[in-house]
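Observations on chain architecture
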Amino acid sequence: GVRHAALNVNLGDFLMPAPDGDNTIEFIFDGKIYYINKKITEKNDAKVKELSDNGIIITFILLNSKHWTTTVSDEFWNIIKHPGYTPDGLISQFNVMEEQGLDYYRAFVAFISDRYTQEDERYGRAVGLIVGNEINSGYVWCNAGEMSCEQYCYEYTTALRIAYQTSRVFYDKMRIYISLDHFWTGANENAAPNRYYGSKFVLDYINRYCLAEGQIPWNIAHHPYPEDLRYPDFWNDVSALPNLDAPIITFKNLEVLAEFLYQKEYLYNGERRRIILSEQGFNSFFTPESEIVQAMAYGRAYKKIMQIPEIDSFILHAHQDNKEEFGLNLGLWRRKPDSGELDAPKPVYYVFKMIDRKDEKGVWHWERY
């Protein structure tokens, strides 16, 4: 029953500063030739094609990392990384403040948009772009060094607008998303205001810049992880208050995000912004009890989102436990504690499989939660 997928695409994986023999696709954009990594592209083609041919709606997450699928050379990295980037960040903000960096970013968006929205869908189809990752906690996930929230959002809004303007040349229905984690008026580290920001203030600044320079139809890619990522019982989250000043927004108070976007100044041509839940999961420990709570959390979260019509997708992270994921076990499939190899499906696997089906009496399975 899967109908949505979010796939990472990294600028430094796709674009190259110079041709690489047979491993080169030439892409002409704005009168310039850009060199695209053929192997990376064809690998992405196969993934996208398989998913979209099976009716799955794909949204790309645009990233800028030195080490993703490949390792970007120091010379090229110095062009495409944000000038203020520090190695504390796992991912860099896009360099849209310098001409060369801006050119490569535009070419990246153009190539992705052109290739994956062709009418014959020869390479598969993708219809959304998430610009960056968890930008309110950007010091780790979209790093531009230390700067005020106001300046950070100005530069990010530039990247957001460019993604919108560039992609719409190739596909006029492309949806553009802002990526946010669960911190709302609070932040990952409240004592570091030039590194971590509250999502509410990020949206305030972005919307202010858009109103001043021309509004665009941005949307939200939210990650409503539980208050403590180790414990899936979000209904017990203390900081997820039912008001617009809540420190965090988790599944417990997810309606707060929708309510915020209902405000007149946040509408686009009188229409409400769309929301996708592009990354969130529920942890379990290696105990039967914790896995039951994990399954219950997924079911309760599903019921909650069905009550908010602006939410278009709920993309669970992850399909399987990952031994390298900060000690968390977020998967539908249990891993073996020592090797990390797959062991068996957990209870949440079966809830996931049945959640959007009706029983013999016509009752949706999610209604049971």
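Our subject in this report is the structure included herewith. (Residues numbered from 1 in each chain as written. Predicted model: local features only at pLDDT ≥ 70, side-chain atom pairs only at ≥ 80, totals over all residues. Heavy atoms only, no water.)

With that settled, consider the overall build of the protein. When helices and strands are tallied, the protein shows 10 helices and 12 strands. Computed over its C-alpha atoms, the radius of gyration of the protein comes to 21 Å, within 12% of the 21 Å expected for a compact globule of 369 residues. Reported as C-alpha extents along the three principal axes, the dimensions of the protein are approximately 60 × 45 × 40 Å. The burial tally for the protein puts 53% of its 369 residues in the buried class. At a minimum sequence separation of 6, the contacts of the protein that also span at least 24 residues come to 67%. Approximately 16,700 Å² of the protein is accessible, and the part contributed by carbon and sulfur atoms is 50%. (Helix = DSSP H or I, 4+ residues; strand = E, 2+ residues; numbered from the N terminus. Rg over C-alpha atoms; globule rule 2.2 N^0.38 Å. Buried < 20%, exposed > 50% of the residue type's maximum accessible area, 1.4 Å probe, protein only. Contact = heavy atoms within 4.5 Å. Areas by Shrake-Rupley, 256 points an atom, 1.4 Å probe, with all protein chains shown as cover.)

Let's shift gears to the packing of helix α6 (residues 149–170) against helix α7 (residues 199–213). Where α6 meets α7, the closest approach of the two axes is 9 Å, and the angle between their N-to-C directions is 55°. As far as their axial angle goes, α7 and α6 are oblique. Note that α6 runs across α7; the crossing there is right-handed. For the pair α6 and α7, the contacting residues are Cys149, Glu150, Cys153, Tyr154, Tyr156, Thr157, Leu160 and Arg161 in the first and Phe201, Val202, Tyr205, Ile206, Tyr209, Cys210 and Glu213 in the second. Taken together, the residues that form the contact of α6 with α7 break down as 11 nonpolar, 1 polar and 3 charged. (Axes fitted to C-alpha atoms, helices over the stretch in contact; angles between N-to-C directions. Parallel < 35°, antiparallel > 145°, perpendicular 65-115°, else oblique. Left-handed = near helix turned anticlockwise from the far one by under 90°. Nonpolar A, V, L, I, M, F, W, Y, C, P; charged D, E, K, R; others polar.)

Once that is clear, we can look at the sheet that holds strand β5 (residues 57–63). Spatial ordering of the open sheet is given by β1-β5-β6-β7-β8-β9-β10, a layout of 7 strands whose pairing is parallel. Strand pairing shows two members of the sheet lacking a second neighbour, β1 (4–10) and β10 (311–316), which therefore form its edges. The average angle at which neighbouring strand axes cross in this sheet is 30°, direction not considered. Two strands pair when backbone bridges link them, and strand β7 (residues 175–180) and strand β8 (residues 218–222) are joined in this way by 5 bridges, in the parallel orientation. Residue pairing across strands places Leu180 opposite His222, the latter belonging to β8. In this fold helix α4 (residues 99–115) packs onto β1, β5 and β6 (128–131), with an angle of close to 165° to the strand it touches most, β5. (Pairing = 2+ DSSP bridges.)

What follows is about a nonpolar patch on the surface. Taken together, Ile292, Met296 and Tyr369 make up a surface patch of nonpolar side chains, about 250 Å² in accessible area. With respect to the element layout, Tyr369 can be found in the segment after α10 (347–354). (Patch = residues over 30% accessible without salt bridge, like charges linked within 9 Å, V, L, I, M, F, W, Y side chains within 5 Å. Salt bridge = Lys/Arg side-chain N within 4 Å of Asp/Glu carboxyl O.)

Moving on to helix α9 (residues 288–305). Taking 1.5 Å per residue as the helical rise, α9 with its 18 residues ought to reach 26 Å, and the 26 Å between its terminal C-alpha atoms agrees with that figure. Within α9, burial applies to Ser290, Glu291, Gln294, Ala295, Ala297, Tyr298, Gly299, Ala301, Tyr302, Lys304 and Ile305. (Expected span 1.5 Å × (residues − 1).)

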